[in-house]
Number of protein chains: 2
Amino acid sequence: MDNMIKIVIDTIGGDNGPAFCVKGAVKGLENNRDVKIFLAGHKDEIEDCLSEYEYDKNRIEIIDASEEIGLNEPPVKAVREKKDSSLVKGLSYLKDGKADAFISAGSTGAILAGGQFVVGRAKGVKRTPLAHLLPTSGEPSLLLDCGANVDIKPEVLLQFAEMGSIYMKEVCGVANPRVAVANVGLEEEKGNALVKSAYTMMKKDKNINFVGSIEARAIPYGKADVIVADGFVGNVIIKLYEGLSKMILRELKGAFLANFKSKVGAMLIKSSMKKTIKKFDASDKGGAPLLGLKGLVVKIHGNSKENEVISAIDQCVSFVRNDVSGKIIKGFENEEE
Amino acid sequence: MDNMIKIVIDTIGGDNGPAFCVKGAVKGLENNRDVKIFLAGHKDEIEDCLSEYEYDKNRIEIIDASEEIGLNEPPVKAVREKKDSSLVKGLSYLKDGKADAFISAGSTGAILAGGQFVVGRAKGVKRTPLAHLLPTSGEPSLLLDCGANVDIKPEVLLQFAEMGSIYMKEVCGVANPRVAVANVGLEEEKGNALVKSAYTMMKKDKNINFVGSIEARAIPYGKADVIVADGFVGNVIIKLYEGLSKMILRELKGAFLANFKSKVGAMLIKSSMKKTIKKFDASDKGGAPLLGLKGLVVKIHGNSKENEVISAIDQCVSFVRNDVSGKIIKGFENEEE
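Please read all numbers here as calculations on a predicted model, not as lab measurements.

Assigned secondary structure in chain A consists of 11 helices and 11 strands. By the compact-globule yardstick of 20 Å for 337 residues, chain A fits well, its C-alpha radius of gyration being 21 Å. Along the three orthogonal principal directions, the C-alpha set of chain A runs to about 65 × 60 × 35 Å. Across the 337 residues that make up chain A, the buried fraction comes to 57%. For chain A, long-range pairs separated by at least 24 residues make up 72% of all intrachain contacts whose partners lie at least 6 apart in sequence. When the accessible area of chain A is evaluated, it comes to approximately 14,100 Å², of which 49% is carbon and sulfur surface. Separation of charge centres in chain A, based on 47 positive and 46 negative side chains, amounts to 5 Å.

Spelled out as structure tokens, the structure:
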């Protein structure tokens, strides 16, 4: 049992109730023989959901939690006061070494606060970025920070570049990840004060393969493996990506239903089109890890279904197996905080 | 001739040479009986292009210019030194009251610098934002600043909100334009220091209809008429919009060519789909005006064709006819600089 990868899944906080977490957990166990899962939440509800499945009882355990943290609660206060919430109890397992990873569809603010206060930052890490894989016309690019830290210093952006490189190397198997900074132009003198200063630092950093600036119009073409941005800009990128691709596909669907001819046409292209639509569906990308903590915390979308839970479990497995947290910790232990 | 709206078109600097400017100018004159156009650039080249068309010779005049400002020249230096460039000569017409508007497909940096140094900011205006109409599933939204000013103060963002409102009211006929600030969340405490502080100011400002924050995922749905952002964030939004919509449509096209069945299907949906694609084509939106100057300067895309020139002329006509510059100047004349 000691070689098992132990993952806590928070069953509270997602838009779809605990059932999808339980279903995802059961399926995730089938895919990964060396995983044990802790389901954190209301014991009776979880047991109810579990009763629908056949599963290895040695590999699922319940962490009973009576309190819930709502989406609109002030996150820091909630994390400090609700000691019996699924979030705080689950994260404590990570802190105490009883688990290797934690997955939640709950409030981003609470997950970030819990990561900081319960699990804690690795030594030398200045800020913990939320990292997200973006679909592109090529391989996915890792974007960080997607919203955890705004108003940061250039050396923080540099650390994001280093953490992102470790992640892409170890979890996604990219040999020498190309790192770019999101910018308003390609020339070195372009950018705001933060980006210009970080650019100079990244150019000198031997730990990363810095390829310069990337303009937002080039992001969808997969020109970089790691894209760094402050949390404000990163959040705008990830959310515009989501909103715009959904809207365009919806508009096209509307156009296809315009008349009989186009309806017939739409039927014929359906299967070819599905692949493209799937490419822009972030739900199979395994959620967004919060990098730089002492343990692995993964935020999945609030409206996640079981597929996202399954992908998140798979992502946690490669993350833990390749000791990404350990490598990040090692990379930063000599830095000043 | 005195009631004529006089527009200078810079024929140098676009990717497609002077021909498309000349063609656009001739067509633009046909649409607008009360417009006179000055074509700035190499006289012989312009005359060559003009010789292909029939047009009212009283309404086209050439401003002969021997110098060119290239895309990669340091903009401020180029504007200061190249007094005989089409850009500087054309902008001088604006400054001297010999023209009402100026359109160019040249270097954004040079246009911004020229606007500042040759035409000059209106009294009380702190910074001049580049404004751009974004296609949405509803009516277009005006985004400003799209890249002219990074690292700005909150009161500058407030001025952008006011200028954007005047523009949408006067040029696009929106009665009470909803103004939103691009942000990472909807609650008032969300955002970076700039946005939080500007939020408080905008809430109190009686000159605008402030509706709060807008998350990037909601931008494509047209939830606001005016969206304000600093030039870094605005540039990321406009360029990601452009890149992502192009990439998705390209990927879909690729999917349609995947097999015989989908090729037939694609033929049947072609005409319905064209409308949607056209919606995301920024070229008929008339370019991006630089607001807050003493005259109207409009930047069109470097790879513009005649359609964008025609739309830009139309935009200039409503801008001038509704005295938008005058209204902006009046709105800010009592402000400290």
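A separate point is the interface of chain A and chain B. Across the contact, 56 residues belong to chain A and 56 residues belong to chain B. Here chain A meets chain B over a buried area of about 4,900 Å², counting both sides, of which 73% is carbon and sulfur. The largest per-residue losses of area from chain A upon contact with chain B belong to Arg217(A), Phe232(A) and Leu240(A), which jointly make up 14% of the total buried on that side. Counting every contact that joins chain A to chain B gives 4 salt bridges. Close ionic contact of Glu215(B) with Lys239(A) constitutes a salt bridge, the shortest N to O distance being 2.4 Å. Between chain A and chain B we count 10 residue pairs in polar contact (both at pLDDT 80 or more) in total.

Each pair of packed helices can be summarised by the angle the axes make with each other and by the distance between the axes. All names here are of chain A. The contact between helix H4 (residues 86-95) and helix H5 (residues 108-119) brings their axes to 10 Å, and the two run at 40°. Regarding the angle of H4 to H5, the classification is oblique. Two packed elements cross with a definite hand, and for H4 against H5 that hand is right-handed. Facing Leu87, Val88, Leu91, Ser92, Leu94 and Lys95 of H4, the residues of H5 in contact are Ala110, Ile111, Gly114, Gly115, Val118 and Val119.

Another point: the nonpolar core. With 229 residues, the main nonpolar core has Ile7(A), Ile9(A), Ile237(A), Ile7(B), Ile9(B) and Ile237(B) as its most contacted residues. Discounting residues that sit within four places of it in the chain, Ile7(A) has contacts with Val35(A), Lys36(A), Ile37(A), Phe38(A), Ala101(A), Ile103(A), Ile313(A), Cys316(A) and Val317(A).

As a further point, take the packing of aromatic side chains. According to the stated counting rule, one finds 6 aromatic pairs over all chains in the structure shown. If you follow Arg80(A) out to its NZ or CZ, it ends over the ring of Phe117(A), 4.6 Å from the centre.

Excluding glycine, residues mostly carry a negative phi; peptide bonds, for their part, are mostly trans. Residue and element names in this part refer to chain A. The linkage connecting Leu144 with the following residue, Asp145, adopts the cis geometry, with an omega of 10°. Locating Asp145 in the fold gives a position in the loop between strand S6 (141-144) and helix H6 (154-170). Although it is not a glycine, Asp323 sits at a positive phi angle of roughly 50°.

The buried count for H4(A) comes to 7 of 10 residues, which makes it a mostly enclosed element. Gly97(A) sits one or two positions beyond H4(A) and adopts a positive phi of about 75°.

What follows deals with the relation of the copies chain A and chain B. Placing chain A over chain B gives an RMSD of 0.1 Å and needs a rotation angle of 180°, together with 0.0 Å of translation along the axis. Such a turn and shift between the copies fits a two-fold axis. Relative to the rotation axis, the closest C-alpha in chain A is found at Gly265(A), a distance of 1.8 Å. A shared interface surface links the copies, since 100% of the contact residues of chain A are contact residues in chain B too.

Hydrogen bonds between backbone atoms are what pair the strands of a sheet, whose relative direction is either parallel or antiparallel. All names here are of chain B. Read from one edge of the open sheet, 6 strands run S3-S2-S1-S4-S11-S10, paired in mixed fashion. Among the strands making up the open sheet, the edge pair consists of strand S3 (60-64) and strand S10 (288-290). Across this sheet, the average inter-strand angle for adjacent strands is 25°, counted without regard to direction. Strand direction decides the pairing type here: strand S1 (residues 5-10) and strand S2 (residues 35-41), joined by 6 bridges, are parallel. Bridging across to S2, Lys6 finds its partner in Lys36. Contacts from helix H4 (residues 86-95) reach S1, S2, S3, strand S4 (101-104) and strand S11 (296-299) within the one sheet, and its direction differs from that of S4 by about 160°.

Another aspect to go through is the side chain of Ser141(A). All names here are of chain A. Mapped onto the elements of the fold, Ser141 is located in strand S6. What makes Ser141 buried here is its relative accessible area of 0%. A distance of 2.7 Å separates the side chain of Ser141 from the backbone oxygen of Ala224, its partner in a polar contact.

All names here are of chain B. Pairing in this open sheet of 5 strands is mixed, and the strands run S5-S6-S9-S7-S8 from one edge to the other. Of all strands in the sheet, those bounded by a partner on one side alone are strand S5 (131-134) and strand S8 (209-215). The average angle at which neighbouring strand axes cross in this sheet is 30°, direction not considered. Pairing geometry for S5 and strand S6 (residues 141-144), over 4 bridges, is antiparallel.

Our focus in this paragraph is the pairing of S3(B). Residue and element names in this part refer to chain B. As paired strands, S2 and S3 are joined by 5 bridges and run parallel to one another. The partner of Phe38 across the bridge, within S3, is Glu61. Following the chain from S2 across helix H2 (residues 43-50) to the adjacent parallel S3, one finds a crossover that is right-handed.

Once that is clear, we can look at the pairing of strand S2 (residues 35-41) of chain A. All names here are of chain A. Along S2, 7 of the 7 residues are buried, which leaves the element largely enclosed by surrounding structure. Along S2, one buried face is formed by Val35, Ile37, Leu39 and Gly41 and the opposite face, lined by Lys36, Phe38 and Ala40, is buried too. Between the parallel elements strand S1 (residues 5-10) and S2, the chain passes through helix H1 (residues 19-31) in a crossover that is right-handed.

All names here are of chain B. Note on placement: Val298 falls in strand S11. According to the relative accessible area criterion, Val298 is buried, its value standing at 1%. Sequence-wise, Val298 and Leu257 are 41 residues apart; in three dimensions their C-alpha atoms are separated by 39 Å. Setting aside its immediate chain neighbours within four residues, Val298 contacts Phe102, Ile103, Ser104, Gly286, Gly287, Ala288, Pro289, Ala312 and Cys316.

Going through the model one piece at a time under the given rule, you end up with 32 salt bridges over all chains. Between Arg217(A) and Glu215(A) there is a salt bridge; the shortest N-O distance is 3.5 Å. When its relative accessible area of 29% is taken as the criterion, Arg217(A) is described as partly exposed. A salt bridge links Glu73(B) to Lys82(B); the nearest nitrogen and oxygen atoms lie 2.8 Å apart. It is possible to trace a salt-bridge network through shared partners that takes in Glu215(A), Arg217(A), Lys239(B), Glu242(B) and Lys246(B).

Once that is clear, we can look at the confidence of the model for chain A. Averaged over every residue, the pLDDT of chain A is 91; residues scoring 70 or more account for 97%. Two summary scores accompany this predicted model of the complex, namely pTM at 0.92 and ipTM at 0.91.

Next up on the list: a negative patch on the surface. Residues and elements named next belong to chain A. Residues Asp44, Glu45, Asp48, Glu52, Asp64 and Glu68 make up a contiguous surface patch of negative charge. In terms of residue count, helix H2 (residues 43-50) provides more of the negative patch than any other element does, 3 residues in total. In this fold, Asp64 is placed in strand S3 (residues 60-64).

The rules we used
- Residues numbered from 1 in each chain as written.
- Chains lettered and ligands numbered in written order.
- Predicted model: local features only at pLDDT ≥ 70, side-chain atom pairs only at ≥ 80, totals over all residues.
- Heavy atoms only, no water.
- Helix = DSSP H or I, 4+ residues; strand = E, 2+ residues; numbered from the N terminus.
- Rg over C-alpha atoms; globule rule 2.2 N^0.38 Å.
- Buried < 20%, exposed > 50% of the residue type's maximum accessible area, 1.4 Å probe, protein only.
- Contact = heavy atoms within 4.5 Å.
- Areas by Shrake-Rupley, 256 points an atom, 1.4 Å probe, with all protein chains shown as cover.
- Lys, Arg positive; Asp, Glu negative; His and termini not counted.
- Charge placed at Lys NZ, Arg CZ, Asp CG, Glu CD.
- Buried area = accessible area lost by both parts, 1.4 Å probe.
- Salt bridge = Lys/Arg side-chain N within 4 Å of Asp/Glu carboxyl O.
- Polar contact = N/O pair within 3.5 Å; in protein donor to acceptor, adjacent residues only side chain to side chain.
- Axes fitted to C-alpha atoms, helices over the stretch in contact; angles between N-to-C directions.
- Parallel < 35°, antiparallel > 145°, perpendicular 65-115°, else oblique.
- Left-handed = near helix turned anticlockwise from the far one by under 90°.
- Core = buried A, V, L, I, M, F, W, Y, C linked by side-chain atoms within 4.5 Å.
- Phe/Tyr/Trp six-rings, centres within 6.5 Å; stacked < 30°, edge-to-face > 60°.
- Lys NZ or Arg CZ within 6 Å of the ring centre and 35° of its normal.
- Least-squares fit on C-alpha atoms with pLDDT ≥ 70 in both.
- Pairing = 2+ DSSP bridges.
- Right-handed = clockwise from strand over helix to strand, strands pointing away.
- pLDDT = per-residue confidence, 0-100.
- Patch = residues over 30% accessible without salt bridge, like charges linked within 9 Å, V, L, I, M, F, W, Y side chains within 5 Å.

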